[in-house]
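A look at the structure
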Amino acid sequence: MAPEAKFKSILSLLPDKPGIYQFIDSSDTILYVGKAKNLKKRVTSYFSKNQSGKTTVLLRKTNDIRHIVVENESDALLLENNLIKKHQPRYNILLKDDKTFPWICIKKERFPRVFSTRNQIRDGSQYFGPYTSGLMVKTLITLIGQLYKLRTCSLSLTESNISAGKFKVCLEYHLGNCKAPCIGLQPEADYNENLKQIRDILKGNISTVIEHLKKQMTEFSQALQYEDAQIIKEKIEILSSFRSRSAVVSNTIKNVDVFAIAQESDNAYVNYLKVVNGAIIQALTIDLKIRIDEDKEAILGFAITEIRQRLSSDSPELLVPFKPDILIDKVKYSVPLAGEKLKLLELAERNAIYYKLEQKKKRMEHSPQVRTGKNLEKLKNDLHMPELPLHIECFDNSYIMGTNPVAACVVFRSAQPCKKEYRQFNIKTVVGPDDFASMEEVIYRRYKRMLEEEHGLPQLIIVDGGKGQLSSAMKSIDKLGLRERVTVIGIAKKLEEIYFPGDSVPLYLDKNSISLKIIQHLRNEAHRFGISFHRDKRSKEMTKSDLDEIKGIGGVTKSILLKHFGSVEKIRNASDTELEKIIGSAKTAILISYFKK
């Protein structure tokens with residue numbers, strides 16, 4: 001059934017009013033939340049035009065469409081934002097998390113503390129930010145500390161605790177950094193007046209604070225309280241100095257929010273600037289992941305609602321490059337064409353574009369191909385190689401008490417294991433536990449065959465072992481005439497020493513070096529592969545018995561006999577009748593003939 005026919009009855013009942021709509025799947029999960037000035041027109045539009053692949057998939061998965069009618073467009077905007085945050089629908093715009101940005105918190109408590117934090121706790125405390133610059137947070141906290149003597153302790157300064165004399169002054173009081181409200185030396189009203197000024201500073205209303213302080217200074221001077229007037233004067237100078245360092249962009253713009261957007265494929269970047277009294281006091285860029293086709297007006301509308309809610313912005317005017325799909329009530333939207341407002345908008349647009357380019361560069365730097373290339377370049381430089389080691393091979397010998405000697409070769413291409421090219425070797429020409437001779441044999445066999453079959457040689461060969469194993473490997477390399485064609489190194493496990501042919505002094509790489517980590521990865525993988533091969537071979541040897549030597553007795557018959565009798569000795573001593581019952585007369589005759597010999 002076509003999607004339009006499937007939801008025909010629902011579409012016909014939708015009202016011509018503002019609200020939000022939800023696409024629900026068969027498991028009652030919300031797939032998408034949208035807002036609309038006119039619910040009927042907006043939802044119907046999904047079924048009346050050709051949609052992109054992602055939107056088509058959304059409609060195919062949708063099992064029901066629900067809606068909520070609201071009073072006005074602004075309410076629809078806020079409700080959509082809240083529902084997206086609550087349900088995180090799969091196909092809605094994804095806001096990338098910014099919880100790592102610092103905030104300044106005014107704690108909800110008696111005699112509130114002011115401090116920086118990266119975690120918001122919903123306990124009624126007031127948060128200002130987020131600040132993209134940690135330096136800005138530090139500057140503001142330092143400024144507040146210079147201007148106001150606030151407590152930094154976490155004591156419970158209730159009226160009853162202070163009256164009962166539960167606390168004593170600390171070192172901060174003696175240093176002049178706190179006025180000791182803990183013992184009642186600072187009235188709560190005085191402390192709260194300081195907090196009111198701090199809130200104004202954090203909101204960017206520095207001029208208001210300066211005007212208030214000037215009035216206080218005048219009052220102290222008229223009352224001949226010159227020391228207090230001097231303290232206020234110093235505060236004014238500190239604030240004036242801080243304001244002079246702020247980015248003043250206009251003398252006429254008082255209180256506006258500026259928004260600009262930059263897009264690329266499935267990502268959108270929205271830059272926000274808050275301008276108060278002509279100075280930029282806050283800047284933030286958010287990163288949005290677009291899940292289905294959304295027009296730029298809808299994306300900008302979502303970002304504006306999210307940022308203003310998060311930052312508790314109440315600016316009466318917004319500067320935007322174009323008007324979003326739905327407007328907030330009692331807020332003026334301006335699309336400047338000239339003058340200072342246009343310059344502000346252009347500044348926000350540049351910030352959005354720079355952020356977009358920065359994120360693109362980061363993604364490229366963190367892509368596996370780029371990261372691998374950098375790591376191999378580092379390895380090449382550390383080992384003084386003539387070319388990039390895109391193909392690396394590592395060898396390890398394995399045996400226990402001289403039995404079942406084997407060797408393993410692992411192959412890495414572009415710093416990643418290429419398991420289909422791994423090789424295992426049974427040692428053929430060496431008798432007993434001779435690690436050096438075994439390494440010489442395996443290296444010779446491996447590269448003699450590669451030369452005969454005209455396969456490409458590795459740029460780097462790693463031998464698990466020190467100078468002895470490396471020297472043995474080089475004998476085979478020299479026999480084959482490969483010394484000038486490949487780089488060969490040995491790694492001694494105890495101190496992770498890197499040995500080069502003909503050099504008795506090892507190279508020590510930094511233990512955190514990516515080069516050493518790559519070499520260790522190869523060595524450990526060769527060791528693992530060799531041990532597993534040796535274990536398999538040893539297991540076969542342990543299960544080998546005299547029955548393996550008897551022609552006509554296969555593996556299945558052997559297993560049946562061992563399972564029934566438990567050992568070869570018991571099979572040897574079994575009667576003909578017992579054997580015939582289990583394996584038949586023909587195979588019994590073969591067994592008896594063998595044991596008689």
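Here, the structure is the one placed above.
Residues numbered from 1 in each chain as written. Predicted model: local features only at pLDDT ≥ 70, side-chain atom pairs only at ≥ 80, totals over all residues. Heavy atoms only, no water.

Regarding its fold elements, the protein presents 21 helices and 21 strands. Scaling as 2.2 N^0.38, a compact globule of 597 residues should have a C-alpha radius of gyration of about 25 Å, whereas the protein reaches 39 Å, well beyond that. Principal-axis analysis of the C-alpha atoms places the extent of the protein at approximately 125 × 75 × 60 Å. Within the protein, buried positions represent 45% of all 597 residues. Once local pairs closer than 6 in sequence are excluded, the contacts in the protein between residues at least 24 apart make up 60%. Of the accessible surface of the protein, which amounts to about 32,400 Å², a share of 51% is contributed by carbon and sulfur atoms. (Helix = DSSP H or I, 4+ residues; strand = E, 2+ residues; numbered from the N terminus. Rg over C-alpha atoms; globule rule 2.2 N^0.38 Å. Buried < 20%, exposed > 50% of the residue type's maximum accessible area, 1.4 Å probe, protein only. Contact = heavy atoms within 4.5 Å. Areas by Shrake-Rupley, 256 points an atom, 1.4 Å probe, with all protein chains shown as cover.)

On to the nonpolar core. Counting 36 residues, the largest nonpolar core has Phe-259, Val-270, Leu-288 and Ile-304 as its most contacted members. The element contributing the most residues to this core is helix α12 (residues 296-311), with seven residues. Once residues lying within four places of it in the same chain are set aside, the contact partners of Ile-304 are Phe-259, Leu-318, Val-320, Pro-324, Ile-328 and Tyr-333. Grouped together as the second largest cluster of nonpolar side chains are 29 residues, Ile-104, Ile-162, Leu-195 and Ile-232 included. (Core = buried A, V, L, I, M, F, W, Y, C linked by side-chain atoms within 4.5 Å.)

We now examine the packing of aromatic side chains. If you walk through the whole model with that rule in mind, you get eleven aromatic pairs. Considering the side-chain rings of Tyr-422 and Phe-529, the 5.0 Å spacing of their centres and the 65 degrees angle between planes classify their relative orientation as edge-to-face. Of this pair, Tyr-422 sits in the loop between β16 (416-417) and β17 (423-426) while Phe-529 is found in helix α17 (residues 514-542), placing the two residues 107 residues apart along the sequence. In this structure, Tyr-422 and Phe-529 share a single accessibility class: buried. An aromatic cluster is present here, built from Tyr-21, Phe-23, Tyr-32 and Tyr-46 joined pairwise through their rings. (Phe/Tyr/Trp six-rings, centres within 6.5 Å; stacked < 30°, edge-to-face > 60°.)

What follows covers the sheet that holds strand β3 (residues 64-69). Within a sheet, each strand pairs with its neighbour through backbone hydrogen bonds, oriented either parallel or antiparallel. Overall, antiparallel pairing links the three strands, which are arranged β2-β1-β3 in an open sheet. Two strands bound the open sheet, and with one partner strand each, they are β2 (30-36) and β3. When the angles between neighbouring strand axes are averaged without regard to direction, this sheet yields 20 degrees. Bridge count between strand β1 (residues 19-24) and β2: six bridges; the pairing is antiparallel. In the strand pairing of β2, Gly-19 is matched with Ala-36. Running over the sheet, helix α5 (residues 73-87) touches β1, β2 and β3 and is turned about 165 degrees from β2. (Pairing = 2+ DSSP bridges. Axes fitted to C-alpha atoms, helices over the stretch in contact; angles between N-to-C directions.)

Glancing now at the pattern of salt bridges. Under the definition given, this model contains 24 salt bridges. Asp-257 serves as the salt-bridge partner of Arg-308, at 3.1 Å between the closest nitrogen and oxygen. Remark: Asp-257 occurs in strand β9 (residues 255-264) and Arg-308 occurs in helix α12; sequence separation between them is 51 residues. According to the relative accessible area criterion, Asp-257 is buried, its value standing at 0%. Of the charged contacts in the structure, one is a salt bridge between Glu-393 and Arg-446, with a shortest N-O distance of 2.7 Å. With Glu-393 in strand β14 (residues 391-400) and Arg-446 in helix α15 (residues 435-452), the pair connects residues that are 53 residues apart, well separated along the chain. Per residue, the accessibility class of Glu-393 equals that of Arg-446, and both read buried. Connected through salt bridges with shared partners, the residues Asp-28, Asp-64 and Arg-66 form a single ionic network. (Salt bridge = Lys/Arg side-chain N within 4 Å of Asp/Glu carboxyl O.)

We now examine the sheet that holds strand β6 (residues 114-117). Strands sit in the order β6-β5-β7 across an open sheet of three strands; the sheet is antiparallel. On the outer flanks of this sheet lie β6 and β7 (126-128), each paired with one strand and no other. Sheet twist, expressed as the mean angle between neighbouring strand axes with direction ignored, is 30 degrees. Both strand β5 (residues 103-106) and β7 contribute to a ladder of three bridges, which runs antiparallel. Paired with Ile-106 across the two strands is Gln-126, which belongs to β7. Against the sheet, helix α6 (residues 134-147) engages β5 and β6, with an angle of about 170 degrees to β6.

Where strand β20 (residues 497-500) lies against strand β21 (residues 503-508), three bridges are found, and the strand directions are antiparallel. Of the residues in β21, the one forming a bridge with Phe-500 is Asp-503. Hairpin geometry of β20 and β21 is characterised by an intervening segment of two residues between the two adjacent antiparallel strands and by a positive phi of about 75 degrees at Gly-502.

Our next topic: the packing of helix α9 (residues 188-202) against helix α10 (residues 206-222). Where α9 meets α10, the closest approach of the two axes is 7 Å, and the angle between their N-to-C directions is 145 degrees. In the packing of α9 onto α10, the handedness of the crossing is left-handed. Here Glu-193, Gln-197, Asp-200 and Ile-201 of α9 come into contact with α10, specifically with Ile-206, Thr-208, Val-209, His-212, Leu-213 and Gln-216. Class assignment for the residues of the contact of α9 with α10 results in four nonpolar, four polar and two charged. (Left-handed = near helix turned anticlockwise from the far one by under 90°. Nonpolar A, V, L, I, M, F, W, Y, C, P; charged D, E, K, R; others polar.)

Mapped onto the fold, Thr-117 is located in strand β6. Among the residues examined, Thr-117 registers a relative accessible area of 18% and is labelled buried. Within the structure, Thr-117 has its side chain in polar contact with the backbone nitrogen of Asn-119 (distance 3.1 Å). For Thr-117, the contacting residues outside a window of four places in its chain are Phe-101, Pro-102, Trp-103, Cys-105 and Tyr-127. (Polar contact = N/O pair within 3.5 Å; in protein donor to acceptor, adjacent residues only side chain to side chain.)

Taken together, the side chains of Tyr-173, Ile-183 and Leu-185 make up a nonpolar region of the molecular surface, amounting to roughly 250 Å² of accessible area. Relative to the helices and strands, Tyr-173 is located in helix α8 (residues 171-174). Judged by relative accessible area, Tyr-173 falls into the partly exposed class, the value being 31%. (Patch = residues over 30% accessible without salt bridge, like charges linked within 9 Å, V, L, I, M, F, W, Y side chains within 5 Å.)

This next bit is on the state of the cysteines. Counting across every chain of the model gives zero disulfides. Cysteine Cys-153 remains unbridged, with the sulfur of Cys-182 as its closest cysteine sulfur at 6.1 Å. When its relative accessible area of 25% is taken as the criterion, Cys-153 is described as partly exposed. Counting only cysteine sulfurs, Cys-178 is the nearest neighbor of Cys-170, a cysteine outside any disulfide, at a range of 6.0 Å. (Disulfide = S-S within 2.5 Å.)

Another point: the packing of α6 against α9. Put simply, α6 and α9 touch, their axes get as near as 11 Å, and they point 150 degrees apart. Relative to α9, the element α6 lies roughly antiparallel. Relative to α9, α6 is oriented so that their crossing is right-handed. Across the interface between the two elements, Leu-140, Leu-143, Ile-144 and Leu-147 of α6 pack against Ile-198, Ile-201 and Leu-202 of α9. (Parallel < 35°, antiparallel > 145°, perpendicular 65-115°, else oblique.)

On their own, these measurements won't tell you what the molecule is for.
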